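# Architecture at a glance
Take a look at the letters that make up each chain.
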Amino acid sequence: MKFGIVVFPGTWSDRDCYYSIHNICGQDAVYIWHKETNLSGCDCIVLPGGFSYGDYLRTGAIARFSPVMDSVADFSHKGRPVIGICNGFQVLCEAHLLPGVLRQNDHLQYRCQWTYLKTENNTTPFTAKCKKGQVLKIPISHYEGRYYADDSVIKELEDTDRVAFRYGTPSGEITKEANPNGALNNIAGIVNKRGNVLGMMPHPERSCEDILGSSDGNIIWESIIASI
Amino acid sequence: MPASKEQLEEIALSRKEYNLIVKLLGREPTYVELGLFGSLWSEHCGYKHSKALLKMFPGMGKHVLVKAGEENAGVIDIGDGQVIGFKMESHNHPSYIEPYQGAATGVGGIVRDIFTMGLRPIALMNSLRFGPLSAPHNRYLMSGVVGGIAGYGNCLGIADVGGEIYFDDCYSGNPLVNAFCLGIGKTGGLVKACAYGEGNLVMLVGADTGRDGMHGASGLASRTFEEERELRSAVQVGNPFMEKLLIEACLELAKTDWIVGMQDCGAAGLTSATVEAAYKGRSGMDIEVQKVPRREKGMTPYEVMLSESQERMIVIARKGYEGKVKALFDRWELHSDIIGTVTSDGMFTIRDNGQVVAHAPVEILNTPPVYRFRPKKPAWLDGLQKLDLSKIKDTAPRDAGSTLLKLLAAPNICSKHKVYRQYDHQVGDNTVVLPGSDAAVLRIQETTKAISMVTDGNGRYCYVNPFIGGVIAVAEAARNTACSGAHPMAITNCLNFGNPDKNDPYYQLRECIKGMTYACKKMKIPVISGNVSLYNETRGVAIFPTPVVGMVGLIKDVSRHCSSGFKRQGDVIMLLGDPGGDASIGSSEYLELVHGQVRGSQGIDMAAEKDLHACLIKAAEKGLLSSAHDCSDGGLAVALAESCILGNTGFKGEINLKGRVDAALFGEAQSRAVVSLNPGAVRKMEELAHRCRVPVTRLGIVHSGRFALKGLIDLPVSELDQVWMNGL
């Protein structure tokens, strides 16, 4: 299958996504410059991490107006898989393909560290290969990763099982200490209503080989591959 | 009309230098020419006080492809058609005046040095020095500097894999911010910072030019710190997003044959970029300042030429290819403008709307005078190097535990995770050993190789004994490299010293360079790049002489890399190297922290040091080691404690006390490392150490829960962990 990796000016995890998808998982991958609009031939669209447009104005606020984003919306409306990682999650929220926003971390510092994600929903195309409750060791790297939405949205997300991952301890307990940025209810990743758009702050593309400290990120790519 | 005293002061040139300029030109320089000379003949660009000394460094080695001084950074061959280039540079003065932007633009500058050469930057490190954090201003400086490094570096997608931070009173009025960058590329893919070919076009790419950073090179970097507030306008403001676009666009351009050279606008902006490129290409250049896009109105030719506005590059396009170059930059949404042409007359000509405002030979502009002094050993140094042990009260065995806790909590020893967790250290999918170990390790994708990186430099050692301090700076970097299982390949350095016009700082500079040179030659490690930061003093008080060494090593098989934390319970712990005598508490962290004294020279035997490295590397390559950690700040007890904390394990063992308790536990005898290994590998390790002539002592085993050193210390590791993690 073929992954399309969108590149905005300022994107940087495009290369890591390419490496983990192509070199580690053995799948086809192409870069899609943000001014392109043709996504034909792609089976999954990846919005990678980075600082699109320098995060100026507000994270993802400028990138959502890039020409490629209309095509990404169309792609998602057809029920095809779209995954936004870190800045990609922020772009998806700004584009209203996912609800809520990512605010500045509560401690007002950038944070790069390992996190332990509890898989809350293992029925999405992105998590189907996880066991329910499985803990994935995947790192974060962001300044604006505190997931926030109003009470009704949070309630809807939780009632409809749309929280894909929460920050937890290595054994999967959801605690305040395990929350690296102050995200509401330790939310690390969510899916849209239809379940085909995932946004997550942690970087699965950084944890696809044991030599890098974890290969748990592969489970997400492999789940997508199995779902197509 | 001869330049006034005020004019010369503004650009930090002496009257003697001015007279030399008049003699060489055969006339008075124009106002714009004077500005050019001020920048190009500054210490920062011209190395006039340090050039003669820097020649001592060994520059050649079998892997060296680009030597120090030839290009923006040195380059070495790592095999398989791959090359790496790296360099370290200071941004001390700007960071004191405006910590966030000063540090941010320091990162920006060093990154440009690397990608200018066609190398993709993959790693950053930084070496920082501040005054004690008990003073609010020092805390403000540190949080600004760390914020600036994070804010700029994280935006670029380059892994910031660590470095070091030390604190001392002497840095209160003069913090040090040294930034290191490493890039990787292919053999034959390097771009030179060179302008040649008459009629080729000089293009300026990236940001518009403003008045920010005026006199950065001549003013900030080349004088001491009396009037810092007045010079605030000399600090530039960074735009990391623009830099990221420049990285991608320039690396794309580097793969084409549309250009003959590329150079970044760093210190002294457009002036040094163009003059240096013309000098290297044995060419001239004709620049029209009206073609330079500006962000503010009314800028004079002088201001345009000396502005240090960030994120700008000079590209020398082959005639006829300028349209292609422009189209490439347009796609990355970057401005590019033709501002001049390459000439063959050897003259550097600047025009303002056609009218010539400067017309001087490139050769003269780029050949500042070289100063040599014969400094005397300062009288105070002899006394400082002596240590009367009878006047230093030894640590009682019952106090050993509390002293260990005190050392682990000391800012110079404790964990720096509160700093490096603000840096993205994993982007790039290469980082195998994260910050916090002896050396960071990055694997090279699609090969079995890895490289290790460290920075080291102990200002206290250099203050007490500049020569020995210089030797140890290199030796310790190599020891850390060997502890990661890597062969030392080459070093870069930042030499941070006081005012070189005075005897004592110049003596320190010379002795440190001699010491570093001695160590490099003994270990056959070339110096491939570097930077000098002089005038580090405020109101007459100089910093400790602080050379910082950045070393890169090569690991043939990444699966054999090593890190500092103990790995498995039951592993045997051994000390490699001579335990050292009582004098090893000289210049130590312990002596300063517990006894409030900075004195007593350290000693080092380079033959023993070299043997230790060979032993560590062989042991790692044979797969004998579970962990390796060098004994440095805080001595053996701190090294053992850190390995326990990092490995989330404990220690149980004993040492054979021959002399003082404090020297055995906290002395900083050089050429030692603590290793742990599977009990089955102990005999092989002992045989290997014997063959390498390295003394080896069994210390104990990796245990759980407690740090138990018989008769001296018995503490839960959780308590050690608690103080170590919260020292900052």
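Scroll up for the structure.
What counts and how
- Residues numbered from 1 in each chain as written.
- Chains lettered and ligands numbered in written order.
- Predicted model: local features only at pLDDT ≥ 70, side-chain atom pairs only at ≥ 80, totals over all residues.
- Heavy atoms only, no water.
- Helix = DSSP H or I, 4+ residues; strand = E, 2+ residues; numbered from the N terminus.
- Buried < 20%, exposed > 50% of the residue type's maximum accessible area, 1.4 Å probe, protein only.
- Polar contact = N/O pair within 3.5 Å; in protein donor to acceptor, adjacent residues only side chain to side chain.
- Contact = heavy atoms within 4.5 Å.
- Core = buried A, V, L, I, M, F, W, Y, C linked by side-chain atoms within 4.5 Å.
- Phe/Tyr/Trp six-rings, centres within 6.5 Å; stacked < 30°, edge-to-face > 60°.
- Pairing = 2+ DSSP bridges.
- Axes fitted to C-alpha atoms, helices over the stretch in contact; angles between N-to-C directions.
- Salt bridge = Lys/Arg side-chain N within 4 Å of Asp/Glu carboxyl O.
- Right-handed = clockwise from strand over helix to strand, strands pointing away.

All right, on to the side chain of Gln-82 of chain B then. Residues and elements named next belong to chain B. One can find Gln-82 in strand 3 (residues 82-90). Given a relative accessible area of 16%, Gln-82 falls into the buried group. A distance of 3.0 Å separates a polar atom in the side chain of Gln-82 from a polar atom in the side chain of Lys-449. For Gln-82, the residues in contact, after removing those within four places along its chain, are Ile-76, Asp-77, Ile-184, Gly-185, Thr-187, Ile-444, Gln-445, Thr-447 and Lys-449.

So, on to the nonpolar core. Counting 164 residues, the largest nonpolar core has Ile-45, Ile-83, Tyr-147 and Trp-221 of chain A together with Val-111, Leu-404 and Phe-707 of chain B as the members making the most contacts within it. Looking at this core, the element that brings in the most residues is helix 9 (residues 240-254) of chain B, giving 10 residues. With residues near it in sequence (within four places) discarded, Tyr-147 of chain A still touches Phe-89, Pro-99, Gly-100, Val-101, Leu-102, Val-153, Ile-154, Leu-157, Ala-183, Leu-184, Ile-187 and Ile-190 of chain A. With 45 residues, the next largest nonpolar core counts Val-32, Met-214, Ala-278 and Val-292 of chain B among its residues.

Summed over the entire model, instances satisfying the criterion amount to 18 aromatic pairs over all chains. The interplanar angle of 50° and the centroid separation of 6.1 Å between the aromatic rings of Trp-12 of chain A and Phe-51 of chain A together place this pair among those described as tilted. Taken together, the residues Trp-12 of chain A in the loop between strand 1 (2-7) and helix 1 (14-24) and Phe-51 of chain A in the loop between strand 3 (44-47) and helix 2 (68-77) connect sequence positions 39 residues apart. With respect to class, Trp-12 of chain A is no different from Phe-51 of chain A; both count as buried. Each ring, one from Tyr-31 of chain B and one from Tyr-302 of chain B, has its centre 4.3 Å from the other, and the planes form 15°; the classification is stacked. Of this pair, Tyr-31 of chain B sits in helix 3 (residues 31-40) while Tyr-302 of chain B sits in helix 11 (residues 301-306), and the two are 271 residues apart along the sequence. Taking the relative accessible area as the measure of exposure, Tyr-31 of chain B reaches 45% and is therefore partly exposed. Take Tyr-302 of chain B: its relative accessible area is 5%, and that puts it in the buried class.

Moving on, we come to the sheet that holds strand 23 (residues 625-630) of chain B. Residue and element names in this part refer to chain B. As summarised here, the arrangement of the seven strands in space is 23-25-22-26-24-27-28, forming an open sheet in which the pairing is mixed. Only two strands of the sheet have a single neighbouring strand rather than two, namely strand 23 and strand 28 (713-716). In this sheet, adjacent strand axes meet at a mean angle of 25° when their direction is disregarded. Relative to strand 28, strand 27 (residues 706-709) runs antiparallel, the two sharing four bridges. Each residue of the ladder has a partner; that of Leu-709, found in strand 28, is Ile-713. Along the sheet, helix 15 (residues 400-409) contacts strand 27 and strand 28; its crossing angle with strand 28, the most-contacted strand, is approximately 50°.

Right, let's get into the pattern of salt bridges. Evaluation of the coordinates by the stated rule reveals 41 salt bridges over all chains. Notably, a salt bridge pairs Glu-156 of chain A with Arg-162 of chain A, separated by 3.1 Å at the nearest N-O pair. Judged by its relative accessible area of 8%, Arg-162 of chain A falls in the buried class. In this structure, Arg-27 of chain B and Glu-33 of chain B form a salt bridge, with 2.8 Å as the shortest nitrogen-oxygen distance.

Within strand 18 (residues 527-533) of chain B, six of the seven residues are buried, which leaves the element mostly enclosed by the surrounding structure. Traced from strand 17 (residues 487-496) of chain B through helix 19 (residues 503-523) of chain B to strand 18 of chain B, the parallel crossover comes out right-handed.

Turning next to helix 3 (residues 87-94) of chain A. Burial analysis of helix 3 of chain A places eight of its eight residues in the buried class, the great majority of the element. Those residues of helix 3 of chain A that sit buried are Asn-87, Gly-88, Phe-89, Gln-90, Val-91, Leu-92, Cys-93 and Glu-94 of chain A.

So, on to the side chain of Glu-33 of chain B. Residues and elements named next belong to chain B. Considering the arrangement of structural elements, one finds Glu-33 in helix 3. Judged by relative accessible area, which is 1%, Glu-33 ranks as buried. Within the local environment of Glu-33, its side chain forms a polar contact with the backbone nitrogen of Thr-30, the two atoms lying 2.8 Å apart. Every residue in contact with Glu-33, bar those within four places of it in the chain, is listed here: Leu-25, Arg-27, Ala-358, His-359 and Ala-360.

Worth remembering: the numbers are spatial, not functional.
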